[in-house]
Amino acid sequence: MTTSGDDGLHERRLADLSYTVFDTETTGLEPSAGDEIISIGAVRIVNARLLKNEVFERLVNPRRPLNRDSARVHGIEEVLPAFHRFCEDTVLVAHNAAFDMRFLELKEAATGVRFTQPVLDTLLLSALLHPSLDDHRLETMAGRLGVQVIGRHTALGDALLEAEIFLRLLPLLAARGIVTLREALEASRETYYSRLRY
């Protein structure tokens, strides 16, 4: 999880922050072994409200064969700067964020784009809130929190699901006394899943 030097942001209440909830679809599960991003989807949350009209969705040319219909695809050099503009001045949210962030980090040199804002991870937050449970997959979390699952396995569909889940986690965090961004980041780091590396 990334932290920036903006202490004022870290002391703000979670319910008052602006978020970009995002997801990547990739060619595989090993970013360090050459797998590539094939799409990025994101949606914005402001004042604890999901703004379904403020979305980002791009297909990316991974420069390798894909089993999909020909569609309008963009180079990563175009997509990441556009995504960076979309999510600037927000806190990033992702499920298993270490995975998605590793793909973004590996493209820093090629794109000149760095994502330095704080990152909250719905996987870590779920593990924090439900430490006795082993299953923190999106579908399982959705069922546990009463979120309807639609549009899975597209980057934007997953981002929308993650956003709905994240909004359900906020009051549960508050009930545990975790109300600021700093508190959420620090508590997340204490979970077992924070050790995941890609």
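Refer to the structure above for everything that follows.
Residues numbered from 1 in each chain as written. Predicted model: local features only at pLDDT ≥ 70, side-chain atom pairs only at ≥ 80, totals over all residues. Heavy atoms only, no water.

The five strands are arranged 3-2-1-4-5 in an open sheet whose pairing can be described as mixed. Edge positions in the sheet fall to strand 3 (49–59) and strand 5 (119–121), since each of these pairs with one other strand and no more. Here the strands of the sheet are splayed against their neighbours by 25 degrees on average, with no regard to which way each runs. As paired elements, strand 4 (residues 91–94) and strand 5 share three bridges and run parallel to each other. Note on strand 5: the bridge partner recorded for Ala94 is Asp121. Along the sheet face, helix 3 (residues 97–106) touches strand 1 (18–26), strand 2 (37–46), strand 4 and strand 5 and points at about 75 degrees away from the line of strand 1. (Pairing = 2+ DSSP bridges. Helix = DSSP H or I, 4+ residues; strand = E, 2+ residues; numbered from the N terminus. Axes fitted to C-alpha atoms, helices over the stretch in contact; angles between N-to-C directions. Contact = heavy atoms within 4.5 Å.)

Here we come to helix 5 (residues 122–129). With respect to burial, helix 5 is a largely interior element, eight of its eight residues being buried. Listed as buried for helix 5 are Thr122, Leu123, Leu124, Leu125, Ser126, Ala127, Leu128 and Leu129. For helix 5, the secondary structure elements touched by its buried residues are strand 4, strand 5, helix 6 (138–145), helix 7 (155–175) and helix 8 (181–189). (Buried < 20%, exposed > 50% of the residue type's maximum accessible area, 1.4 Å probe, protein only.)

Let us look at the nonpolar core. One finds Leu14, Tyr19, Leu120 and Ile165 to be the most contacted residues of the largest nonpolar core, which totals 32 residues. When residues of this core are traced back to their parent elements, those giving at least two are strand 1, strand 2, strand 4, helix 5, helix 6, helix 7 and helix 8. When residues in this core are grouped by element, the largest group, eight residues, is from helix 7. Phe56, Phe86, Phe99 and Phe115 belong to the second-largest nonpolar core, a separate cluster that totals 23 residues. (Core = buried A, V, L, I, M, F, W, Y, C linked by side-chain atoms within 4.5 Å.)

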